[in-house]
Amino acid sequence: MQDLQQYSAWRERVAAALEQYRTWVQAAELLDAEAGQRLVRALARVRDDRLSVAFVAEFSRGKSELINAIFFADYGQRIVPSSPGRTTMCPTELAWDPALPPCIRLLPIATRAAHLATGDYRDDPAAWTVLPLELDAPERMIDSFRQVSLTRRVGKDEAAAFGLYDAEDPDLAATVGEDGLVEIPQWRHALINFPHPLLKQGLVILDTPGLNAIGTEPELTLNLIPNAHAVLFVLGAETGVTKSDIEVWRTHIGAGPGRIVVLNKIDAMWDELKTAQENDAAIERQQASVAQLLGVAETQVFPVSAQKALVGKINGDMALFEKSRIGQLEAALFNELVPARQDILRNGLRQDMALLLAGQQALLGTRIRDLVEQKQELESLRGKNQGVIAHMMRRVDMEKKEFDASLFKLQGTRAVFTTLSTELYSSIGMDVVQAQVDAVRAAMQAARFATGTRAPVRTFFDHARASLDGSTSKIGEINTMMDSMYRRFSTEHGLSLAVPMRLSLQRYRDEIDAIEAIYVKQFGTATLLMTSRGTLLERFFDSIASRVKHSFRAANADVEAWLKVIMAPLEAQIRQHREQLRGRQASIQRIHDATDSLEQKITAFEAAQHDLEKVKGRLGALSGAVTRALDADLPELEAA
Ligand SMILES: Nc1nc2c(ncn2[C@@H]2O[C@H](COP(=O)(O)OP(=O)(O)OP(=O)(O)O)[C@@H](O)[C@H]2O)c(=O)[nH]1
Ligand SMILES: [Mg+2]
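Residues numbered from 1 in each chain as written. Chains lettered and ligands numbered in written order. Predicted model: local features only at pLDDT ≥ 70, side-chain atom pairs only at ≥ 80, totals over all residues. Heavy atoms only, no water.

Regarding the confidence of the model for the chain
Regions with low pLDDT should not have their predicted coordinates read in detail.
Thinking step 1. For the chain, the mean per-residue pLDDT works out to 87, and 94% of the residues sit at or above 70.
Thinking step 2. For the chain, helix α23 (residues 634-639) is the element with the lowest average pLDDT, namely 54, and strand β11 (residues 301-303) is the one with the highest, namely 97. (pLDDT = per-residue confidence, 0-100. Helix = DSSP H or I, 4+ residues; strand = E, 2+ residues; numbered from the N terminus.)

Have a look at this one:
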């Protein structure tokens, strides 16, 4: 936990240094649109960095109890409902958003009847039922938390409409009660906005319901679990590793970074008739067998007692707390989480800073060089007659004309650029994706009673990739065009330009691949002869469509941002160059008209040059401050 506090202190310092840097470069007029956008994005990344931890397991293994023990013991009681049997009925996210009051937002289960994934509802406040959380009235607050375990009984047809009942699926068929009604969750998803200190620092906790619910809510499988930074898989010491535990592990978690296996309820193994050593040895044997069955290292399996940890913490019983071994798990969790997350953020920001600084140094370099050239030009006028001065004026005029001609050509390039941009959108526009989604749905409907429901989904992924590839080739064309434009201005007019900003859509292509991999894991090998599997696939496709659309939306945003700024560095340099030409023209003119003494002018240039050198020094110092903040190790911060 301390790790997390240090991490967020680190983020604050980096953000402060970045903000200082930004304010200053903006005032020094060294910030073009591209750089400005890069800085804004970097700042947003530092500020909004979230760490998400998901608790995934079969029902009743103690996920919710672990959450209570690790995060909520200070409240002196169980906050998240935990009880024998199935308790948590809907995926529950605990986080803190200061823009909202403390509250629970609940998405009604009936939303499952529509073709939308949970994620699609996030930005639609009207879809959620909001209950306030009364922080100073614990009883009422805990009552509100109970919403996540509410169920209701409905007829088979209604349950089927939500994809929660299918007569042909033996697992689901067993959920019908004697009255012929099916028990279904009241809510589909819960978002709890709670001002807990760790949540305030950007931690997001995801509590999930047991197996069946994981399978029926594709949002968990496709989005929330794969995107969590750490996943805790919980087993019960008294049950060991059951067949359904293995299934949850294989289909939803599996080995990978940030995976932690918790062997919970070890208090069941505290046999009072045996010695402490004997009990420990038994726990160790369990730990080894769990590690072997799941194919993970023994050190990755943490035997704990969530319940005793909670009791120990609440009663201040240190011996019990120690015996619960929760401390080791907490340390591992934050150790696993924080450094990895910090590395990612740090590396990204280092790259951003390098690019930013290079651009700003280039701009400053050009400014200084311009000044030096102008000064030299004036110095060469010392003792020269009017004829020479007139000659120089003609030379500047000439340079200006040539430059204007290049600018004219740039106009032509802009026109081509506009055409290419339009073409770029035509392959990844949201309407294109939507059309592909609609086509798959229609094909699935048509193939409903055949076995071919899977083919349209496969084609869907292929189409999505093809769209991205089409855009990538347009991006290539734009790059080539920009490169030649940049070259022209740097060779012919001496502008010092860095390579234009690159854009790659590979990330989104990888995302599509990852979504497909999850899909294949779930449906690739299963036979779809049962119509229930077909129905499940249709429901699953809603989430696939939502995820893919999400990727495309992000790709579109990237493209839009890129198109907006790719010309910016060139334009900034052009503006500067034009001003320089104008300035030279004016000063030679004035000297020609003898309204200004030559020496005075030269002195003024020297002063200006001196000022710019100072600006350069300050730029170095401020970017250095950002780099130092980035490089600081967490313990160093603590010492500071
Ligand atoms: N003895 C013992 N009981 C525990 C421990 N951890 C949890 N339990 C109990 O196990 C039962 C189930 O715990 P929950 O936290 O509700 O389990 P869950 O994994 O959240 O279950 P679902 O919400 O149904 O998916 C509760 O009665 C807990 O009090 C433990 O370490 N030792
Ligand atoms: Mg639970």
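Having seen it, we continue.
A closer look at the packing of helix α3 (residues 63-71) against helix α15 (residues 326-379)
Thinking step 1. At a closest axis distance of 11 Å, the pairing of α3 and α15 adopts a crossing angle of 85 degrees. Regarding the angle of α3 to α15, the classification is roughly perpendicular. Facing α3, whose interface residues are L66, A69, I70 and F71, α15 presents I326, L329, E330, L333 and F334.
Thinking step 2. Counted by class, the contact of α3 with α15 contains eight nonpolar, no polar and one charged residues. (Axes fitted to C-alpha atoms, helices over the stretch in contact; angles between N-to-C directions. Parallel < 35°, antiparallel > 145°, perpendicular 65-115°, else oblique. Contact = heavy atoms within 4.5 Å. Nonpolar A, V, L, I, M, F, W, Y, C, P; charged D, E, K, R; others polar.)

Overview of the site of ligand 1
Thinking step 1. With respect to spatial proximity, 23 residues lie near ligand 1, and among them S60, K63, T87, T88 and D267 are the closest.
Thinking step 2. One of the backbone N or O atoms of R61 is found 3.2 Å from an oxygen atom in ligand 1.
Thinking step 3. Within the backbone of G62, a nitrogen or oxygen atom sits 2.9 Å from an oxygen atom of ligand 1.
Thinking step 4. Among the elements of the structure, α3 and α13 (306-315) are those that each provide at least two residues to the shell around ligand 1.
Thinking step 5. When residues in the shell around ligand 1 are grouped by element, the largest group, three residues, is from α3.
Thinking step 6. A breakdown of the residues in the shell around ligand 1 according to their chemical character gives four nonpolar, twelve polar and seven charged. (Near = heavy atom within 4 Å. Polar contact = N/O pair within 3.5 Å; in protein donor to acceptor, adjacent residues only side chain to side chain.)

Regarding the pattern of salt bridges
Thinking step 1. Tallied over the entire structure, the rule returns 34 salt bridges.
Thinking step 2. The residue D352 makes a salt bridge to R38 at a minimum N-O spacing of 3.4 Å. Residue D352 is located in helix α15, and its partner R38 is located in helix α2 (residues 33-47); the two are separated by 314 residues in the primary sequence.
Thinking step 3. A residue is classified by how much of its surface remains accessible, and R38, at 16% relative accessible area, is buried.
Thinking step 4. Ionic pairing is found between E560 and K564, a salt bridge with its closest N-O pair at 4.0 Å. With E560 and K564 both in helix α20 (residues 531-565) and four residues apart, the pair spans about one turn of that helix.
Thinking step 5. Look at K564 and you get exposed, because its relative accessible area is 60%. (Salt bridge = Lys/Arg side-chain N within 4 Å of Asp/Glu carboxyl O. Buried < 20%, exposed > 50% of the residue type's maximum accessible area, 1.4 Å probe, protein only.)

A word on the coordination of the magnesium ion (ligand 2)
Thinking step 1. Within the protein, S64 (OG) and T88 (OG1) serve as the donor atoms for the magnesium ion (ligand 2), at 2.0 to 2.1 Å. A residue pair is termed long-range when its members are at least 10 positions apart, and S64 in helix α3 and T88 in the loop between α3 and β2 (92-95) qualify at 24 residues.
Thinking step 2. Take S64: its relative accessible area is 7%, and that puts it in the buried class. (Donors = N, O, S within 2.8 Å, 3.2 Å for Na, K, Ca; no water.)

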